[in-house]
Amino acid sequence: MSSELPTLPAADGFRMPGEFEPHEGVWMAWPERSDNWRFGAKPAQRAFIEVATAISQTTPVTMVVSASQYSNARRKLPPEVRVLEMTTDDAWLRDTGPSYVVNDMGERRGIDWQFNAWGGLSHGLYFPWHNDNAVARKVCESYSDDVYKASFVMEGGAIHVDGQGTLYTTEECLLSPGRNPGLAKDDLEQLLRQYLNVEKVIWLPRGVFQDETTGHVDNLMQVIAPGVVAVTWCDDPSDAQYESSQEAFKILSESTDARGRQLVVHKLPMPGPLYLTEEEASGIDQSGGMDRMSGTRLAGSYANFLITNKQVVFPKLDPLQDDAVAALLAELFPGYLISGVDAREILLGGGNIHCITQQIPRV
């Protein structure tokens with residue numbers, strides 16, 4: 001049984017580990033919303049199966065599924081993927097699942113952030129979101145891990161850490177009006193220090209163009225290792241992504257991390273640009289929160305990959321770029337298994353492989 005703790009992680013000697021540190025498992029959630037995933041989410045489910053199958057080569061995968069979809073998911077997923085019944089509002093475990101912290105004595109605890117669908121009633125993508133807001137505690141309960149219940153809105157995709165005191169995020173996301181309107185930038189930075197035990201926060205102005213999460217950092221960049229990052233790159237001044245990528249690269253290149261290291265910044269090519277087709281849009285039920293109209297630009301990014309147990313699982317998004325990205329990732333992660341998964345169906349729902357996964361650190 002897990003307990004809700006009255007203390008704060010940093011004061012208790014806990015830190016958030018880097019994604020490249022060892023994992024006990026990875027959690028995902030089965031897609032089924034017809035106003036986000038086309039044709040009753042059947043194409044998206046196939047993509048999620050491919051992602052889960054790829055990850056399970058190195059890391060145990062748990063897929064949470066609604067009661068109505070349990071039998072369908074169990075039949076379609078490989079036997080090595082664990083399937084658990086759990087009620088969710090959508091399938092973004094990076095943001096609804098717990099962010100974990102660990103200490104030097106082999107202990108692990110989960111952080112249960114407040115979740116409000118990336119903006120609440122101001123600019124959130126759906127309502128209600130109470131089922132998603134309950135996911136993190138349920139994941140922690142499954143391991144009997146104790147929980148820190150945060151009093152403010154945060155999502156796992158809004159932050160990256162290096163495990164050595166450095167955190168990366170975007171102002172566009174954390175300072176958006178629908179999340180924590182009563183908290184200033186300094187307030188949020190202090191909370192990040194208290195909850196994740198970081199010493200330095202590197203703020204990037206904004207994320208990927210048209211990102212529905214209001215600029216999640218995990219769609220813009222990824223931490224390769226302490227002192228080493230990769231960022232979505234655009235060198236076309238006429239492209240809407242150009243300014244965001246240029247300013248992020250400049251800030252990162254001129255920054256040092258919490259240990260005083262000058263950051264090494266690698267450029268990840270940008271796919272596309274990619275757009276929602278008329279045929280794809282025709283299969284999606286229209287709703288008030290999500291823009292799923294033909295011609296909408298998609299927030300495609302190769303930075304939205306998962307690192308787990310000497311493996312990288314990355315989204316294949318553009319036949320003109322996929323092979324080059326695979327080769328670059330092989331250079332950045334020597335000795336790792338590099339697994340590419342066709343991920344356009346995930347992108348159509350508003351995110352990608354990193355967004356739909358949440359790792360559980362091994363202790």
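Structure first, text after, so check above.
Residues numbered from 1 in each chain as written. Predicted model: local features only at pLDDT ≥ 70, side-chain atom pairs only at ≥ 80, totals over all residues. Heavy atoms only, no water.

**Student:** Is there a simple way to explain the layout of surface pockets in this structure?
**Tutor:** Which parts of space are left empty comes out when a probe the size of a water molecule is rolled across the atoms. Volume-wise, the largest pocket comes out at about 290 Å³. Taken together, 19 residues line the largest pocket, and the ones lying closest to its centre are Gln210, Asp211, Glu212, Asp291 and Arg292. Split by residue class, the lining of the largest pocket holds six nonpolar, eight polar and five charged. (1 Å grid on protein atoms, 1.4 Å probe; cavity = no way out; pocket = protein on both sides within 12 Å on 5 of 7 lines; lining within 4 Å. Points joined across faces, edges and corners; volume = space filled by probe spheres on them. Nonpolar A, V, L, I, M, F, W, Y, C, P; charged D, E, K, R; others polar.)

**Student:** Would you explain the sheet that holds strand β10 (residues 200–204) in this entry?
**Tutor:** Hydrogen bonds between backbone groups are what pair the strands of a sheet, and the pairing can be parallel or antiparallel. Spatially, the three strands line up as an open sheet ordered β8-β9-β10, and their pairing is mixed. Across the chains shown, the open sheet's two edge strands, defined by having one partner strand only, are β8 (160–161) and β10. By the bridge criterion, five bridges tie strand β9 (residues 166–170) to β10 in an arrangement that is parallel. Bridged to Thr166 within β10 is Lys200. Where helix α8 (residues 185–196) meets the sheet, its contacts fall on β9 and β10, and the angle it forms with β10 comes to roughly 135°. Contacts from helix α9 (residues 242–253) reach β9 and β10 within the one sheet, and its direction differs from that of β10 by about 155°. (Pairing = 2+ DSSP bridges. Helix = DSSP H or I, 4+ residues; strand = E, 2+ residues; numbered from the N terminus. Contact = heavy atoms within 4.5 Å. Axes fitted to C-alpha atoms, helices over the stretch in contact; angles between N-to-C directions.)

**Student:** Looking at this model, I keep getting lost on the state of the cysteines. Mind explaining?
**Tutor:** Joining two cysteines, a disulfide is a covalent bond between their sulfur atoms. In this structure the tally under the stated criterion is zero disulfides. Between Cys173, a free cysteine, and Cys355, which holds the nearest cysteine sulfur, the sulfur-to-sulfur gap is 11 Å. (Disulfide = S-S within 2.5 Å.)

**Student:** It is not clear to me how the packing of aromatic side chains should be interpreted in this structure. Could you clarify?
**Tutor:** The geometry of an aromatic ring pair is captured by two quantities: the separation of the ring centres and the angle between the planes. Tallied over the full model, the rule gives twelve aromatic pairs. Aromatic side chains Phe127 and Trp129 sit 5.2 Å apart centroid to centroid with 80° between the ring planes, which places their arrangement in the edge-to-face category. Judged by its relative accessible area of 61%, Phe127 is exposed. Pairing Phe333 with Tyr336 gives two aromatic rings, centres 5.1 Å apart and planes at 55°, and the pair type is tilted. Taken as a pair, Phe333 and Tyr336 share a single burial class, namely buried. Taken together, the aromatic side chains of Trp37, Phe48 and Trp92 make up a single cluster linked through ring pairs. Above the plane of the ring of Phe249 lies Lys267, whose end atom (NZ or CZ) is 4.8 Å from the centre. (Phe/Tyr/Trp six-rings, centres within 6.5 Å; stacked < 30°, edge-to-face > 60°. Buried < 20%, exposed > 50% of the residue type's maximum accessible area, 1.4 Å probe, protein only. Lys NZ or Arg CZ within 6 Å of the ring centre and 35° of its normal.)

**Student:** Explain the side chain of Gln358 to me, please; I cannot follow it from the model alone.
**Tutor:** Within the secondary structure, Gln358 sits in strand β17 (residues 358–361). Taking relative accessible area as the criterion, Gln358 reaches 3% and is therefore assigned buried. Within the local environment of Gln358, its side chain forms a polar contact with the backbone oxygen of Arg94, the two atoms lying 3.2 Å apart. (Polar contact = N/O pair within 3.5 Å; in protein donor to acceptor, adjacent residues only side chain to side chain.)

**Student:** Quick question: what am I supposed to make of empty space enclosed by the protein here?
**Tutor:** In this structure the tally under the stated criterion is six cavities of 30 Å³ or more. What lines the largest cavity is a set of 13 residues, and nearest its centre among them are Met16, Glu19, His160, Val161 and Gln359. Taken together, the elements giving at least two residues each to the lining of the largest cavity come down to β8 and β11 (221–225). Per-class residue counts for the lining of the largest cavity are five nonpolar, six polar and two charged. As for the second largest cavity, its lining consists of Met16, Pro17, Gly18, Glu19, His23, Ser99, Tyr100, Gln358, Gln359 and Pro361.

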